[in-house]
Structures are given as C-alpha cells and as structure tokens.
Amino acid sequence: MAEERLGPVQKTMQSSGHRFRDVEHHPLLAENDSYDSSSSEADVADRVWFIRDGCGMVCAVMTWLLVIYADFVVTFVMLLPSKDFWYSLVNGVLFNCLAVLALSSHLRTMLTDPGAVPKGNATKEYMESLQLKPGEVIYKCPKCCSIKPERAHHCSICKRCIRKMDHHCPWVNNCVGERNQRFFVLFTMYIALISAHALILCGFQFFSCVRGQWTECSDFSPPVTVILMIFLGLEGFLFLTFTSVMFGTQIHSICNDETEIERLKSEKPTWERRLRWEGMKSVFGGQPSLLWINPFAGFQIKRLMLRAKKGGPEFSV
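Residues numbered from 1 in each chain as written. Predicted model: local features only at pLDDT ≥ 70, side-chain atom pairs only at ≥ 80, totals over all residues. Heavy atoms only, no water.

Under the annotation held in an unreviewed UniProt entry, the chain carries the name Palmitoyltransferase zdhhc7 and is attributed to Sphaerodactylus townsendi.

Given below as structure tokens:
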C-alpha cells in the first residue's frame, strides 16, 4: 500500500533529526497499540461496526438465504417425513445447531471491528506526543490520514487501515483482521460442517426414495423433491469445497503468523513470529478449550442494551 511522508509534521521533526520513510515503523506503534487507547477502546466497545457496501450486503444476505434454504430442505423435505423418529431427531438437532453456530459466527465476523486504525490521527500534536528519538521513523496512510501500525494495510472498501488485514471478504461484508479473524475461521468451519452433513443426508434420502420407488419418502411430489435435493447437493458441494479451502488457508496463516496479504506480497517479517500453538492462542485467546469454537464467547447482552439507550448502533464510514 502507498504511504506518504508527513508534510508539516515532517518539517518539524526533521529539524530534530527524525526521519520519515516507507520502510520501518515506530516501536510505539506496534500492532497491539492504538492512537488513543482510552477513547479508542471505548468507541469500539460502544458501537456496532457495519460496512455500507452494496456488493457486500447482497453477498451477506445471499449467505443467510442459502443457509436457510438448506435448513428448509433438510428439515421439511428429508427429516420430518421420515418414519425413523430418532434419525430425524438427532440429525435435525445436529444440523440446526450447526446452522445457528454458522450464522452466529457470520454475524460476529460482519459486525466486529476488524482492527481499524483511528482516522486522522496523523496530527502535529499527536506526533509531538510520541516523543520520537532522533533517527526513529514512522509513516502514514495518505488515504485515511492515519499513522499506520506495523502490519496494517489500507482497505479501499472499508476505507480504513486494518491491523493484520488478511483480506476483504464480501460474503461477510467486512475485512478479516486482527479482531475478527477468529469468528471468520469459525464461520468457514461451521459452513463446511453443515455442507458435509447436508450432502450425507442427501445421499441417504436419495437412496431411501429410490428403494421405496419415491412413495412416502417426502411430503412433496417426486419432481419437486428431486429438484430441491439437486440444488441442495450442488450448494453443499460448492460451499464445502470453498469453505474447506478457506478454513485450511486461515489455519495455515495463523500457525505461520502471516496474513494472506503478507504472503502474496512476500513481505519479510520484521516482527517476532508466533508459530503454531502460540499463533492459535493469540487469535482464539488463552489455552485450548470449548470457548475456541464458541462464537458467543465475549458477547455481552448488557452492552447491546447500553448501545440502544445511547441511540442505537453506530455505523462505520
């Protein structure tokens, strides 16, 4: 991404022996720091992050509709007409639980700030407050006028610099970055699981219908049943392939502490890498536990009520 040398601030700081280049970062602006920690964290906690992008919103709605369609076919075409009560109960509960977890992960990915750098913090006052030593270098993003922390990249869709930006995904209408990568990994995992489950159920249902000569295998007519199952099979295969690849790519990136952008640009690491389990713990938080696969972890209903009292959600620009 293009960076810009600081104008009036540059002149002031250069007189003291400071330099501004597009190579290094100031150590005070490492990936876990922020422009104003007290106000910035409070703002993040009290707002709902949402990107107003037409393509992204359409893709997000399509994702929900496809999951709802799969749930409809599995529940009303395959399981409810089945004469095997326990087969229907177990598979129905399992599929619907996975669907809820998938959609919850999607929401958490879409509505969580991915790690946006505060806009317009490249001011003379802020620069002077850093108390830079002679020879130290920093740089800013000319597009959002912010001091870029290490490993931050500018997203043209979110119109912000994102910490540890991996990529912008239209299916979740958001960037995948430092703060929401965990939810994106869970989203791809649960979609892959329900896709595999749907394909298995399609196979059993087709075999059952053929063996029973399409009598009493569904409450729908045979032609309608076949069409619904074919579409579900195609959807399941495509989603399973796509999300499995994305899940594997994300786990590989986390274990190597390297984002997709850094890999594609072949950036040499200037940070201390957290490999394998250290990388997993840094993304999912703490030691391995069931909380790692729980998209509701850290979700606070009281905070949502507080947002409503303050006048509703605040959308990003």
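From this point, things continue past the structure.
A.B. asks: Looking at this model, I keep getting lost on the nonpolar core. Mind explaining?
C.D. replies: One recurring pattern in soluble globular proteins: nonpolar side chains tend to sit buried together. Val74, Met78, Phe184, Ile191, Leu232 and Phe284 are the most contacted members of the largest nonpolar core, which has 35 residues in total. Looking at this core, the elements that each hand over two or more residues are α3 (54-79), α4 (85-111), α6 (181-211), α7 (222-255) and α9 (277-284). Those residues in contact with Val74, other than ones at most four positions away along the chain, are Leu79, Phe95, Ala198, Leu201 and Leu232. In this structure, Ala116, Cys155, Ile162 and Cys175 belong to the second largest nonpolar core, which totals nine residues. (Core = buried A, V, L, I, M, F, W, Y, C linked by side-chain atoms within 4.5 Å. Buried < 20%, exposed > 50% of the residue type's maximum accessible area, 1.4 Å probe, protein only. Helix = DSSP H or I, 4+ residues; strand = E, 2+ residues; numbered from the N terminus. Contact = heavy atoms within 4.5 Å.)

A.B. asks: For this particular structure, what's the right way to read the packing of aromatic side chains?
C.D. replies: One pair of aromatic rings is described through two measures. These are the centre distance and the angle between the planes. Here the structure, examined in full by the defined rule, presents six aromatic pairs. When the ring of Phe184 is compared with that of Phe187, the centres are 6.5 Å apart and the planes differ by 40°; the resulting orientation is tilted. Of the two residues, Phe184 and Phe187 both sit in helix α6, three residues apart, roughly one turn of that helix. Classification of Phe187 as buried rests on a relative accessible area of 6%. Judged by centre distance (5.3 Å) and plane angle (25°), the rings of Phe284 and Trp292 are stacked. For Phe284, a relative accessible area of 10% translates into the label buried. Feature note: the residues Phe72, Phe76 and Phe220 constitute an aromatic cluster, connected by ring pairs. (Phe/Tyr/Trp six-rings, centres within 6.5 Å; stacked < 30°, edge-to-face > 60°.)

A.B. asks: Please explain unusual backbone geometry as it appears in this structure.
C.D. replies: Backbone geometry follows two general trends: most residues other than glycine have a negative phi, and most peptide bonds adopt the trans configuration. The phi dihedral of Arg151 is positive, around 70°, even though this residue is not glycine. The residue Arg151 is located in the loop between β4 (146-147) and β5 (152-155) in this model. If you check the backbone angles, Lys164 has positive phi at about 50° while not being a glycine. Topologically, Lys164 is positioned in the loop between β6 (160-163) and β7 (167-169).

A.B. asks: It is not clear to me how empty space enclosed by the protein should be interpreted in this structure. Could you clarify?
C.D. replies: If a probe as big as a water molecule is rolled over the atoms, it shows which places are left empty. Going through the model one piece at a time under the given rule, you end up with three cavities of 30 Å³ or more. Its volume calculated, the largest cavity comes out at about 110 Å³. Contributing to the lining of the largest cavity are 15 residues, with Lys164, Gln181, Ser253, Ile254 and Asp257 lying nearest its centre. Those elements giving two or more residues to the lining of the largest cavity turn out to be α7 and α9. Per-element accounting of the lining of the largest cavity gives the leading share, three residues, to α9. Taken together, the residues of the lining of the largest cavity break down into two nonpolar, six polar and seven charged. (1 Å grid on protein atoms, 1.4 Å probe; cavity = no way out; pocket = protein on both sides within 12 Å on 5 of 7 lines; lining within 4 Å. Points joined across faces, edges and corners; volume = space filled by probe spheres on them. Nonpolar A, V, L, I, M, F, W, Y, C, P; charged D, E, K, R; others polar.)

A.B. asks: Just to check I follow, could you spell out the pattern of salt bridges for this structure?
C.D. replies: A pair can form between side chains of opposite charge whenever their charged atoms are brought close. Taken as a whole and judged by the stated rule, the model has six salt bridges. For the salt bridge of Arg151 with Glu262, the shortest nitrogen-to-oxygen distance reads 2.8 Å. Taken together, the residues Arg151 in the loop between β4 and β5 and Glu262 in helix α8 (residues 260-264) connect sequence positions 111 residues apart. Here Asp257 and Lys164 are joined by a salt bridge, their closest N and O atoms 3.8 Å apart. Residue Asp257 is located in the loop between α7 and α8, and its partner Lys164 is located in the loop between β6 and β7; the two are separated by 93 residues in the primary sequence. Here Asp257 matches Lys164 in class, with each residue buried. (Salt bridge = Lys/Arg side-chain N within 4 Å of Asp/Glu carboxyl O.)

A.B. asks: Sorry if this is basic, but what is going on with the pairing of β5 here?
C.D. replies: Burial of the side chains of β5 extends over both faces: Ala152 and His154 are buried on one face and His153 and Cys155 on the other. Bridge analysis of β5 against β6 gives four bridges, and the strand direction is antiparallel. Note that in β6 the partner of His153 across the bridge is Ile162. What sits between β5 and β6 in their antiparallel hairpin is a turn of four residues, with Lys159 showing a positive phi close to 60°. (Pairing = 2+ DSSP bridges.)

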